[in-house]
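# Topology and contacts: notes
Residues per chain, in single letters:
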Amino acid sequence: MKAKCENYITLEFLSRSANEGFARGAVACFAAQLDPTLEELGDIKTAVSEAVTNAIVHAYPDRLGRIVVKARILEDKVLEISIRDWGRGIPDVERARQPLYTTGGEERSGMGFTIMESFMDCLTIRSEENKGTRVTMRRRIRPRQQQL
């Protein structure tokens, strides 16, 4: 059964590194309506940063391309974020999910998917070579304890 969407945003931008901060900040501002803790907000920002950076670095290594970020608030205070590109795709998603695996050269840590997975409740990666990748993450924002 599909969860009911209570609100959403869609962002589209070029795969320029300067746009990573914009995407991270925009999703954080959108998520703020769920009243997350600073820790939850930091986790969300980090996961978005990793996903968008992956699209910029790996999907379009030698050209600019299109990236679409969608964020939805689902019932039960669940934030769903998807990052989509139409780049070169991931030949072996399971291998790419392994810590320290990278196709980005020595300067890349190979920890992007591991970080996303550790900060979110759910991570789904769908990819097809030469057609692109969609990373979808979900995180339920916990109700805060009432102050006395």
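So, a few notes on the structure that sits alongside this text. (Residues numbered from 1 in each chain as written. Predicted model: local features only at pLDDT ≥ 70, side-chain atom pairs only at ≥ 80, totals over all residues. Heavy atoms only, no water.)

With respect to the secondary-structure elements, serine 15 resides in the loop between strand E1 (5–14) and helix H1 (18–31). Residue classification places serine 15 among the buried residues on the basis of a relative accessible area of 6%. Here serine 15 is in contact with Ile56, Tyr60, Arg63, Leu64, Gly65 and Ile67, once residues within four sequence places are set aside. (Helix = DSSP H or I, 4+ residues; strand = E, 2+ residues; numbered from the N terminus. Buried < 20%, exposed > 50% of the residue type's maximum accessible area, 1.4 Å probe, protein only. Contact = heavy atoms within 4.5 Å.)

Here we take up the packing of H1 against helix H2 (residues 38–59). Following both chains from N to C, one finds H1 and H2 inclined at 145 degrees, their axes separated by 9 Å at the closest point. Judged by the twist between their axes, the crossing of H1 over H2 is right-handed. Contact with H1, carried on its side by Glu20, Ala23, Arg24, Val27, Ala28 and Ala31, involves Leu41, Ile44, Lys45, Val48, Ser49, Val52, Thr53 and Ile56 of H2 and no other residues of that element. (Axes fitted to C-alpha atoms, helices over the stretch in contact; angles between N-to-C directions. Left-handed = near helix turned anticlockwise from the far one by under 90°.)

What follows is about the pattern of salt bridges. Going through the model one piece at a time under the given rule, you end up with seven salt bridges. Residue glutamate 128 pairs with lysine 131 through a salt bridge whose shortest N-O separation is 3.5 Å. Taken together, the shared-partner salt bridges in this structure form one network comprising Arg72, Glu80 and Arg138. (Salt bridge = Lys/Arg side-chain N within 4 Å of Asp/Glu carboxyl O.)

Time to look at unusual backbone geometry. Residues other than glycine seldom take positive phi values, yet aspartate 35 does so here, at roughly 60 degrees. Counting through the fold element by element, aspartate 35 comes out in the loop between H1 and H2. Positive phi values are uncommon outside glycine, yet aspartate 76 reaches one of about 70 degrees. Following the sequence through the fold, aspartate 76 ends up in the loop between strand E2 (66–74) and strand E3 (78–85).

A word on the sheet that holds E1. The pairing of strands in a sheet happens through backbone hydrogen bonds and is either parallel or antiparallel. Strand order in this open sheet of five strands is E1-E2-E3-E5-E4, and the pairing throughout is antiparallel. The open sheet terminates on both sides in strands that have one partner only, identified here as E1 and strand E4 (122–128). Ignoring strand direction, the axes of neighbouring strands in this sheet form an average angle of 10 degrees. As defined by bridge partners, E4 adjoins strand E5 (residues 132–140) across seven bridges and the pair is classed as antiparallel. By the bridge assignment for E5, arginine 126 is matched with arginine 134. Packing of H2 onto the sheet brings it into contact with E1, E2, E3 and E5, and relative to E3 it is tilted by some 10 degrees. (Pairing = 2+ DSSP bridges.)

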